[in-house]
Amino acid sequence: MTGELKDGTEEEFPHSPFIRKQGNIYKPNNKDMDNDSLNEKALEDVHTKEIDLVNRDPKRINDDVVKVEFEDIIAEPAGTYSFDGIWKASFTTFTVTKYWCYRLLTALVGIPLALIWGIFFAILSFVHIWAVVPCIKSYMIETHCISRVFSICVHTFFDPLFEAMGKCFSSIRIRMSKEV
């Protein structure tokens, strides 16, 4: 397994993540799947899949947000340099502080926020599946019925009217001439 570094080169990882090819939590040792469970084979069981500890943002949703490095925040222009030791100590302080502060915050707040976000998205999914989609489907069924009635009324009453008006006005000729 490889990963791309900032400079465009690829980095080799010592191991590849485990990917479950067949089976699920209910049938972990089924090597030969019958035709009834063919769709089950195509679906991935999200509760039993392994987590990739190397690539933690596989869909790259945070690429443009949180990649803040020391050089992005603090920079000394030419001719205004501090002591080399101070510059190195500042870099180390910034990097280590950012690293450990993030780790401490995730240790303290990460699991409660994961619980809150899990509940939120569970409620959102529940409302969408059990309320929003059925309401939209019901609305579409009702509007389909109304649109059929409206279409019948238009074709019954307005089509002959507009066809007759078209025949009446089709013999009108307009000729324009310019007088000098």
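Residues numbered from 1 in each chain as written. Predicted model: local features only at pLDDT ≥ 70, side-chain atom pairs only at ≥ 80, totals over all residues. Heavy atoms only, no water.

### Quick look at the overall build of the protein chain
How we decide: Only DSSP runs of H or I covering at least 4 residues are called helices, and only runs of E covering at least 2 are called strands; the numbering of each starts at the N terminus. Any residue under 20% of the maximum accessible area for its type is buried, any over 50% is exposed, and the rest in between are partly exposed; the area is computed with a 1.4 Å probe on protein chains only. We call two residues in contact whenever any of their non-hydrogen atoms come within 4.5 Å of each other. Using a 1.4 Å probe, the Shrake-Rupley method yields the accessible areas, and only the shown protein chains count as cover for residues.
Of regular secondary structure, the protein chain possesses three helices and two strands. For the protein chain, the sequential pattern of α-helices and β-strands runs β-β-α-α-α. Taking all 180 residues of the protein chain together, 4% fall into the buried category. Across the protein chain, every contact between residues at least 6 apart in sequence was considered, and the portion connecting residues at least 24 apart equals 22%. Of the accessible surface of the protein chain, which amounts to about 17100 Å², a share of 65% is contributed by carbon and sulfur atoms.

### Describing the packing of aromatic side chains
Any two aromatic rings considered together are summarised by their centre-to-centre distance and by the angle between their planes. Note the cut-off: When two rings of Phe, Tyr or Trp (its six-membered ring) have centres within 6.5 Å they constitute a pair, described as stacked for plane angles under 30 degrees, edge-to-face for angles over 60, and tilted for the intermediate range. Any Lys NZ or Arg CZ found within 6 Å of a ring centre and within 35 degrees of that ring's normal is scored as a charge over the ring.
By the definition in use, this model includes nine aromatic pairs. An angle of 35° between the planes, with centres 6.5 Å apart, marks the rings of Phe126 and Trp130 as tilted. Of this pair, Phe126 and Trp130 both sit in helix α3 (residues 84-169), four residues apart, which is roughly one turn of that helix. Through a chain of ring-to-ring contacts, the aromatic side chains of Phe70, Trp87, Phe91 and Phe94 assemble into a single cluster. Sitting above the plane of the Trp100 ring, Arg103 keeps its charged end 5.6 Å from the centroid.

### Quick word on the UniProt feature "transmembrane region" (unreviewed entry) in the protein chain
The condition is simple: UniProt positions are given in the numbering used here, feature names are shortened, and annotations may be inferred rather than shown by experiment.
The UniProt feature table records "transmembrane region" (unreviewed entry) at residues 104-131. Structurally, residues 104-131 comprises 100% helix and 0% strand, and the distance from its first C-alpha atom to its last is 39 Å.

### Re a nonpolar patch on the surface
Short version of the rule: Patch construction takes residues with relative accessible area above 30% that form no salt bridge. Like charges are linked within 9 Å, and nonpolar side chains (Val, Leu, Ile, Met, Phe, Trp, Tyr) are linked within 5 Å. A pair is scored as a salt bridge if a Lys or Arg side-chain nitrogen falls within 4 Å of a carboxyl oxygen belonging to Asp or Glu.
On the surface, Leu115, Ile119, Ile123, Phe126, Val127, Ile129, Trp130, Val132, Val133, Ile136, Tyr139 and Met140 cluster together into a nonpolar patch covering about 1200 Å² of accessible area. Inspection of the secondary structure puts Val133 in helix α3.

### Some details on the confidence of the model for the protein chain
Filter applied, for reference: Every residue is assigned a pLDDT by the predictor, reflecting its confidence on a scale from 0 to 100.
Counting all residues, the mean pLDDT for the protein chain is 80, and 73% of those residues have values of 70 or more. Looking across the protein chain, the model is least confident in strand β1 (residues 2-4), with a mean pLDDT of 51, and most confident in α3, with 94. Note that pLDDT drops below 50 for residues 13-33; the model gives that stretch 24 contacts with residues more than four away or on any other chain.

### Quick word on the environment of Glu76
Stated formally: Polar contact is defined as a pair of N or O atoms within 3.5 Å, subject to the rule that within protein one atom must be able to donate a hydrogen and the other to accept it, and that residues adjacent in sequence are counted only when both atoms are side-chain atoms.
By the element assignment, Glu76 lies in the loop between α2 (70-73) and α3. Remark: the alpha-carbon pair of Glu76 and Trp87, spanning 11 residues in sequence, is separated by 9.4 Å. Ignoring anything within four residues of it in the chain, the contact list for Glu76 reads Tyr81, Ser82 and Trp87. Side chain to side chain, Glu76 and Ser82 meet in a polar contact 2.9 Å long.

### Some words on unusual backbone geometry
Positioned with a positive phi, Arg60 is a non-glycine residue whose angle comes to about 55°. Structurally, Arg60 can be placed in the loop between α1 (38-42) and α2.

### A closer look at the pattern of salt bridges
The tally for this structure, following the rule as stated, stands at one salt bridge. The residue Lys167 makes a salt bridge to Glu163 at a minimum N-O spacing of 3.9 Å. Remark: Glu163 and Lys167 occur in helix α3; sequence separation between them is four residues, near one turn of the helix.

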